[in-house]
Structures are given as structure tokens and as C-alpha cells.
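# Architecture and fold: a report
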Amino acid sequence: MITTIMQGWRDKGLATRRDWWNVLAGTEAGKARTDSGFTFPVLAAARRRKGWPPVDAEQRRPGETPAPPIVESGRWPKPKAKRRPKAA
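The following paragraphs examine the structure supplied in this document. (Residues numbered from 1 in each chain as written. Predicted model: local features only at pLDDT ≥ 70, side-chain atom pairs only at ≥ 80, totals over all residues. Heavy atoms only, no water.)

### Details of the pattern of salt bridges
With the rule as written, the count across this model stands at three salt bridges. Taking the shortest distance from any N to any O, the salt bridge between Arg18 and Asp35 comes out at 2.7 Å. Taken as a pair, Arg18 in the loop between α1 (2–11) and α2 (20–24) and Asp35 in strand β1 (residues 33–35) lie far apart in primary sequence, 17 residues in all. Glu58 is paired through a salt bridge with Arg60; the nearest N and O atoms lie 2.2 Å apart. Several salt bridges converge on common partners, so that one network encompasses Arg47, Glu58 and Arg60. (Salt bridge = Lys/Arg side-chain N within 4 Å of Asp/Glu carboxyl O. Helix = DSSP H or I, 4+ residues; strand = E, 2+ residues; numbered from the N terminus.)

Dropping the structure here:
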């Protein structure tokens, strides 16, 4: 499904980017997500990777390899909190 969607984007000349882990984790409530007309299953490994609790609708495989940890790329750094000077 993912390959089909990405090929469709390429065919249209789009440079769309998507974090597929977010799609495969479903919603925080545990519902499946739909993208480009495809409904994706909720994967237990993707939910654990995001730190979300398990839900009844998630799919898991016996003996599955854990998902890789989330890695900060540094490309889009989060803004640092501005420190206010202490009042005298």
C-alpha cells in the first residue's frame, strides 16, 4: 500500500513526504488511519514506538522485532525555550 501511494505521488510529480510510523500507529484512540483511499491497519509496534497505550484493534505478530527508536534528524530542530531575565 505504501509503495503504491508513493508511486502515485511520483507519477504526479509531487515531492510529498510522510512519516509512515504515524499512519501505522493509527489515532491515539486506536482507530485506523486512511490515506489516499487506503485504510491502514493499526500496528502494535508503531504504537509502542510512539509511547501510546495498547488498544484492542492493534495487530501484532508473535516474536516480532521491536520498531527502531525515534531518531532526531536535526533538520527541523524544535525551537529552544527563551529564557526571561530574572526580575530584580
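### Focus: the packing of aromatic side chains
By the definition in use, this model includes two aromatic pairs. An angle of 20° between the planes, with centres 5.9 Å apart, marks the rings of Trp9 and Trp20 as stacked. Taken together, the residues Trp9 in helix α1 and Trp20 in helix α2 connect sequence positions 11 residues apart. For the pair Trp20 and Phe40, a centre-to-centre distance of 5.7 Å together with 45° between the ring planes defines the contact as tilted. Separated by 20 residues along the polypeptide, Trp20 in helix α2 and Phe40 in strand β2 (residues 38–40) bring together distant segments of the chain. Since its relative accessible area comes to 13%, Trp20 is described here as buried. Under the relative-accessibility criterion, Phe40 is labelled buried at 2%. Among the aromatic side chains, those forming a connected cluster through ring pairs are Trp9, Trp20 and Phe40. The ring of Trp20 is capped by Arg18, whose NZ or CZ atom sits 5.9 Å from the centre of that ring. (Phe/Tyr/Trp six-rings, centres within 6.5 Å; stacked < 30°, edge-to-face > 60°. Buried < 20%, exposed > 50% of the residue type's maximum accessible area, 1.4 Å probe, protein only. Lys NZ or Arg CZ within 6 Å of the ring centre and 35° of its normal.)

By themselves these figures say nothing about function.
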